[in-house]
Amino acid sequence: MDRLVVVGNGMAGARTVEEILARSDRFAITMFGAEPYGNYNRILLSNVLSGAEDEADIFLNSLPWYAENGIDLRAGVQVTRIDRFARTVRADDGSVTPYDKLVIATGSRPYVPPIDGMHHPRRGFHQGVFAFRTLDDTRAMIRYAHDHDRAVVIGGGLLGLEAARGLQQYGVEVTLVHSPTHLMNAQLDEQGGAILRRCVQKLGIAVEVNARTAAILGRDAVTGVRLADGRTLPCDMVVVAAGIRPNVDLAEVSGLPVERGLVVDDQMRVLDEPDIYAVGECVQHRGQTYGLVAPLWEQARVLADHVSGANPKAAYHGSRTATKLKVAGVDVAAMGVTAPERDDDEFVVFAEPRRGVYKSVVIRDGRLVGATLLGDVSKVAFLLQAFDRGWPLPEERVRLLFDLGAPPAQESAAELDDAAQVCNCNGVSKGDLVATVHGGLKTVSGVMDATRAGKGCGSCKSLIAQIVEWAADGAVEEDESASWYVPGVPLKKPELMAAIRAGGLRSVSAVFDALAGGAEDAKSKMGLVSLLRMMWGDEYVDERGARFINDRVHANIQKDGTFSVVPQMKGGCTTPDQLRRIADVADKYQVPLVKLTGGQRIDLLGIRKEDLPKVWADLDMPSGYAYGKSFRTVKTCVGSDFCRYGVGDSTALGIAIESRFQGLEAPAKLKLAVTGCPRNCAEAYVKDLGVVAIDGGKWEVYVGGAAGAHVRKGDLLATVDSPADVMALTGRFLQYYRENANWLERTYAFVPRIGLDRLRAALEEDADGLDARMAAAVAAYRDPWKEGAEPATPGQFRTALPLRVLPLVPVREGS
């Protein structure tokens, strides 16, 4: 087989590989990705930041996908040089990988304008300054936003607006600083930008336009920014979202032709390099670079056609860019030019600032060459087709902006040309959707899965639904899979549990054989493992291959391939002897970072996989379960023994709860707290289950709270008379949640879905049964760290990935 090496595991690189796999199986594929993950949809990071979607929802290709397709993925490994003459790539892990064909898909990097104080000489960005480009950037911003009050976002384009809106979800007061004269100046004219500014300000975001940031203020942490006009904006967090630039560092150091981007021809080959291709945001084609998704897909198809030999004449001639999305809650669509450029260009404008609506079209020689829609994008489907295909336009130009006696939406979908592109992000046409429906798929989600339409920014979903409904002639079917517990087994959770019990199915493979026709589904394994362990306890038949890496080695994998180790400290209490052992372990294994967690424990970061058993043995402490979908911690305050406000012994009760329910499998992680008075020092109101001591020796039990990406105060489930009552009610609630929640459904979603009255009734009606099943689960508990002495498999703790020189977790000064 020919050796194909792909440098870059982002959207363009992974999509190119998918296209190649669809055309040919003649390549042995190796992919290098600087991030330690599979391929995710970078466009949706703003949804993760705002809490609208979980991280798991934005992954396009999980790590198992690479193995299933025979791809050697070097995740977390960065290529440092290409030797064009030896036809090899060298990586920072010391590896040298030969290739027959090479694809460069290094994407783009954030543009960081030269601003005084932006960088710290020893740690990169100044403390409190963030770029917004990767999943790790997003996680860091979320963590920081929780504890800070004021943010300045530099950049008023798409990304800056989304960052500003997302940060608001954490109670952060946001100011947007933009150096041009109006927001989204690349897509909107000045009038449209002014209306967008008013819309954004109504959301509570302060906006400074025509304002250049001159300096970041603060020595150890950010205290503000100074503008070029001398004004100072106080803040304790800065996000840089000032645009992107092609990431061509590797190409430059390897002697490849670079101008604004890596120069390619119409077959996506690097200039004068017949066996090196490039694709995506790093590319310059006919003088143009692209930052939208649709052009990347077009390039990927051409590259795959050519490199696989499927169509040697395939050629990329450039893309006409159009975008439709929701920015900070405001619908925006833009294509082509934003204003007339010639004297005879027609320019039709409608503006209604009070409602936040702005529309304009630019017409040249009877053809649409530009359109901008803000606040009302109902005409975008027609305009996109007119722009893409040069359709003739109505004589009454105002009909381009309004439906004046126009047909209803269903007929509009019917009138779309088959070649009309519906999903710009994934390049899916109306014809593709219709063919899929006529091929037998009659559900909207099924068609979306099959074509990938709607899997980008998601702004086309309503049009997809209209087309599917039209193509199915009104016979759209309900997507039953949406209610399945896991995607690979066609059963809802109650039916799935009943079938497992009836069949005595005690392993994941047995479930697949009996209930899924023997077809194993990687995305379903984690959920099934959790469910089977919950149902069968000691009788569950363990299959290590079904577990996620964290569950296989009982530790939390980090970005550089090392692991974090968190020993159990019940109720947040420890002893001098335990602290000495932790310190000794940190010294012995040269742990680069020792950190206190929000759950009142100590995290040892940067442990090598092969050292895990020895670390556990030296610690001689139980697992703190900081890695799994399971019961994790019980946070406590000092309670009545020491605190003068305490009315209940929260520490003792917290330790008792953690001792009884430690490590229980659950559909999602469970964090609990017990606080000794309503002052709530242990933050019990925002836990999955929180207990609050009140006067009279009583205890309040709250459920469904959250204080992560989602913030929700828990609902008062009951007020009980004693710690024993708390223990009983806690066990019943946890068992009911384990048995009835959907996979990955946190309690903050589960409790509102079930309803408090129904939940109370269920816990009362089946109290004895819930108690008995919980008791059996508790009896099956085994400390997983005991496996360190006797590994379950020979390779359980053997390093598997070609990791970089480890550890890479930085040692903070003063630690």
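Residues numbered from 1 in each chain as written. Predicted model: local features only at pLDDT ≥ 70, side-chain atom pairs only at ≥ 80, totals over all residues. Heavy atoms only, no water.

- The protein chain carries the name assimilatory sulfite reductase (ferredoxin) in an unreviewed UniProt entry, which gives Phytohabitans rumicis as its organism.
- Database annotation for the protein chain, UniProt heading Pathway (unreviewed entry): "Nitrogen metabolism; nitrate reduction (assimilation)."
- Heading Function (unreviewed entry) of the UniProt record for the protein chain holds this comment: "Catalyzes the reduction of sulfite to sulfide, a step in the biosynthesis of sulfur-containing amino acids and cofactors." (UniProt positions renumbered as here; feature names shortened; annotations may be inferred.)

1. Considerations on the packing of aromatic side chains
When we look at a pair of aromatic rings, we describe it by the centre distance and by the angle of the planes.
Then comes step 1: One pass over the structure, following the stated rule, counts 12 aromatic pairs.
Then comes step 2: Relative to Phe59, the ring of Tyr40 has its centre 5.7 Å away and its plane inclined at 65°; by these criteria the two rings are edge-to-face. Note that Tyr40 is positioned in strand β3 (residues 39-40) and Phe59 in strand β4 (residues 59-61), a separation of 19 residues in sequence.
Then comes step 3: Ring plane angle 15° and centroid distance 6.5 Å describe the contact between Phe733 and Tyr737, whose orientation is recorded as stacked. One end of the pair, Phe733, and the other, Tyr737, are both in helix α21 (residues 723-740), 4 residues apart, so they sit about a helical turn from each other.
Then comes step 4: By relative accessible area, which is 0% here, Tyr737 ends up buried. (Phe/Tyr/Trp six-rings, centres within 6.5 Å; stacked < 30°, edge-to-face > 60°. Helix = DSSP H or I, 4+ residues; strand = E, 2+ residues; numbered from the N terminus. Buried < 20%, exposed > 50% of the residue type's maximum accessible area, 1.4 Å probe, protein only.)

2. As for the sheet that holds strand β9 (residues 101-104)
Then comes step 1: The 5 strands lie next to each other as β5-β2-β1-β9-β23, forming an open sheet whose pairing is parallel. Each end of this open sheet is capped by a strand with a single partner; those strands are β5 (72-75) and β23 (276-278). Along the sheet, successive strands turn relative to each other by an average axial angle of 15°, direction set aside.
Then comes step 2: The pairing of strand β2 (residues 27-33) with β5 spans 4 bridges and is classified as parallel. If you follow Phe32 over to β5, its bridge partner there is Arg74.
Then comes step 3: The sheet strands contacting helix α1 (residues 11-23) are β1 (2-7) and β2, and the helix crosses β2 at an angle near 170°.
Then comes step 4: Each of β2, β9 and β23 touches helix α8 (residues 293-308); the most contacted strand, β23, lies at about 165° to it. (Pairing = 2+ DSSP bridges. Axes fitted to C-alpha atoms, helices over the stretch in contact; angles between N-to-C directions. Contact = heavy atoms within 4.5 Å.)

3. As for α8
Then comes step 1: Across its 16 residues, α8 extends 22 Å between first and last C-alpha, which sits within 8% of the 22 Å expected from 1.5 Å per residue.
Then comes step 2: With 14 of its 16 residues buried, α8 lies for the most part within the structure.
Then comes step 3: Trailing α8 by a residue or two, Gly309 shows a phi angle of about 85°, which is positive. (Expected span 1.5 Å × (residues − 1).)

4. Observations concerning the side chain of Asn41
Then comes step 1: Turning to its location among the elements, Asn41 is positioned in the loop between β3 and α2 (45-50).
Then comes step 2: Relative accessible area serves as the criterion here: at 1%, Asn41 is assigned to the buried category.
Then comes step 3: Engagement of the side chain of Asn41 in a polar contact is seen with the backbone nitrogen of Ile43, the distance being 3.0 Å. (Polar contact = N/O pair within 3.5 Å; in protein donor to acceptor, adjacent residues only side chain to side chain.)

5. Focus: the pattern of salt bridges
Then comes step 1: Counted by the stated rule, this structure contains 38 salt bridges.
Then comes step 2: Residue Arg3 pairs with Asp100 through a salt bridge whose shortest N-O separation is 3.3 Å. One end of the pair, Arg3, is in strand β1; the other, Asp100, is in the loop between β8 (96-98) and β9, and 97 residues separate them in sequence.
Then comes step 3: Among the salt bridges present, the one from Asp266 reaches Arg286, with a minimum N-O distance of 2.6 Å. You can see Asp266 sitting in the loop between β22 (262-264) and β23 and its partner Arg286 sitting in the loop between β24 (283-285) and α8, a full 20 residues away along the chain.
Then comes step 4: Taking relative accessible area as the criterion, Arg286 reaches 53% and is therefore assigned exposed. (Salt bridge = Lys/Arg side-chain N within 4 Å of Asp/Glu carboxyl O.)

6. Regarding the pairing of strand β7 (residues 88-91)
Then comes step 1: Bridge analysis of strand β6 (residues 79-83) against β7 gives 4 bridges, and the strand direction is antiparallel. Paired with Asp83 across the strands is Thr88, a residue of β7.
Then comes step 2: Between β6 and β7, which follow one another and run antiparallel, lie 4 residues, and Arg87 among them has a positive phi close to 55°.
Then comes step 3: Summarising the sheet, β7 and β8 pair through 3 bridges and their orientation is antiparallel. Residue pairing in the sheet places Val89 in a bridge with Thr97 of β8.
Then comes step 4: What sits between the antiparallel neighbours β7 and β8 is a turn of 4 residues, in which Gly94 has the positive phi angle 90°.

7. Brief notes about the nonpolar core
Then comes step 1: Core analysis: the largest hydrophobic core is formed by 53 residues, its most contacted members being Leu102 and Ile104.
Then comes step 2: In terms of residues, this core owes the most to one element, α8, which gives 8 residues.
Then comes step 3: Apart from the residues lying within four places of it in its own chain, the contact partners of Leu102 are Leu4, Val5, Val7, Ile82, Val89, Asp275, Ile276 and Tyr277.
Then comes step 4: Counting 41 residues, the second largest nonpolar core, distinct from the first, contains Leu44, Leu161, Cys199 and Met237. (Core = buried A, V, L, I, M, F, W, Y, C linked by side-chain atoms within 4.5 Å.)

8. Some words on the sheet that holds strand β39 (residues 698-703)
Then comes step 1: Ordered by their spatial adjacency, 5 strands build an open sheet running β36-β37-β38-β39-β42, and the pairing between neighbours is mixed. The open sheet has two edge strands, β36 (631-636) and β42 (715-720), and neither has a second partner. Strand-to-strand twist in this sheet, taken as the mean axis angle between neighbours without regard to direction, amounts to 20°.
Then comes step 2: Strands β36, β37 (670-675), β38 (689-694) and β39 of the sheet are contacted by helix α20 (residues 650-661), whose axis makes an angle of about 175° with β36.
Then comes step 3: Here helix α23 (residues 756-765) sits on the sheet in contact with β39 and β42, set at roughly 40° to β42.

9. Describing the environment of Arg760
Then comes step 1: By the element assignment, Arg760 lies in helix α23.
Then comes step 2: Considered as a pair, Arg760 and Ala718 are 42 residues apart in the sequence and their alpha carbons are 8.4 Å apart.
Then comes step 3: Setting aside residues up to four positions removed in sequence, Arg760 forms contacts with Leu716 and Leu717.

10. Thoughts on unusual backbone geometry
Across residues other than glycine, the phi torsion is negative in most instances, and most of the peptide bonds are trans.
Then comes step 1: Phi is positive for Asp272, which is not a glycine, with a value near 65°.
Then comes step 2: Mapping Asp272 onto the fold places it in the loop between β22 and β23.
Then comes step 3: Residue class for Asp272 comes out exposed when judged on its relative accessible area of 71%.
Then comes step 4: Not every positive phi belongs to a glycine, and Asn680 is a case in point at roughly 65°.
Then comes step 5: Inspection of the secondary structure assignment puts Asn680 in the loop between β37 and β38.
Then comes step 6: Note on Asn680: relative accessible area 16%, which makes it buried.

11. Describing helix α13 (residues 461-471)
Then comes step 1: Considered for burial, the residues of α13 that qualify are Leu463, Ile464, Ile467, Val468 and Ala471. Projection of α13 onto a plane perpendicular to its axis shows the buried side chains occupying an angular sector of 135°, all on one side.
Then comes step 2: Asp473, located one to two residues past α13, shows a positive phi value of around 55°. (Arc of directions from axis to C-beta.)

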